[in-house]
Amino acid sequence: MDALQTAQYARALYTAHGDRAEAEAAQKERECEAAGNLQEAKDWQAVRQTIRQMRGPNQA
């Protein structure tokens, strides 16, 4: 998955799930790893990192 696709997936997931989007991407990543789909797991990890960047730092 290229950077543009990663950003599109991240934006769509964040729009649909809000603050739960990062957790959803992490869940997909774990499912792919468990199924042996390592490349797809790496793609979901990139989506998760993009969502984290979009959200910004945690508020304390």
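Before any of the text, the structure's been laid out above.
Residues numbered from 1 in each chain as written. Predicted model: local features only at pLDDT ≥ 70, side-chain atom pairs only at ≥ 80, totals over all residues. Heavy atoms only, no water.

Overall, the coordinates contain one aromatic pair when judged by the stated rule. Arranged with centres 6.2 Å apart and planes meeting at 85 degrees, the rings of Tyr9 and Trp44 form a pair that is edge-to-face. Taken together, the positions of Tyr9 in helix 1 (residues 3-17) and Trp44 in helix 3 (residues 38-55) put the pair 35 residues apart, joining distant regions of the chain. The exposure class assigned to Tyr9 is partly exposed, which follows from its relative accessible area of 45%. A relative accessible area of 14% places Trp44 in the buried class. (Phe/Tyr/Trp six-rings, centres within 6.5 Å; stacked < 30°, edge-to-face > 60°. Helix = DSSP H or I, 4+ residues; strand = E, 2+ residues; numbered from the N terminus. Buried < 20%, exposed > 50% of the residue type's maximum accessible area, 1.4 Å probe, protein only.)

Below, the discussion takes up the packing of helix 1 against helix 2 (residues 21-35). For the pair helix 1 and helix 2, interaxial distance at closest approach is 8 Å and the crossing angle is 120 degrees. Taken together, the axes of helix 1 and helix 2 lie oblique to each other. From helix 1, Leu13, Tyr14 and His17 reach across to helix 2, where they touch Ala21, Glu24 and Ala25. Its residues assigned to classes, the contact of helix 1 with helix 2 comprises four nonpolar, one polar and one charged. (Axes fitted to C-alpha atoms, helices over the stretch in contact; angles between N-to-C directions. Parallel < 35°, antiparallel > 145°, perpendicular 65-115°, else oblique. Contact = heavy atoms within 4.5 Å. Nonpolar A, V, L, I, M, F, W, Y, C, P; charged D, E, K, R; others polar.)

Moving on, we get to helix 2. Along its 15 residues, helix 2 runs 21 Å from first to last C-alpha, staying within 8% of the 21 Å computed at 1.5 Å per residue. Within the span of helix 2, buried status applies to Ala21, Glu22, Ala25, Ala26, Glu29 and Cys32. Across the axial projection of helix 2, the buried residues extend over an arc of 135 degrees, all falling on one side. Facing away from the buried side of helix 2 by over 90 degrees, the exposed positions are Ala34 and Ala35. Taken together, the buried residues of helix 2 touch helix 1 and helix 3. Two residues or fewer after helix 2 comes Gly36, characterised by a positive phi angle close to 85 degrees. (Expected span 1.5 Å × (residues − 1). Arc of directions from axis to C-beta.)

A few words now on the pattern of salt bridges. Taken as a whole and judged by the stated rule, the model has four salt bridges. Here Arg20 ties to Glu24 by a salt bridge, and the two come within 3.3 Å at their closest N and O atoms. Residue Glu22 pairs with Arg52 through a salt bridge whose shortest N-O separation is 2.5 Å. Within this pair, whereas Glu22 is found in helix 2, its partner Arg52 is found in helix 3, the two being separated by 30 residues in sequence. Ionic contacts of the salt-bridge type, sharing partners, join the residues Glu22, Arg52 and Arg55 into one network. (Salt bridge = Lys/Arg side-chain N within 4 Å of Asp/Glu carboxyl O.)

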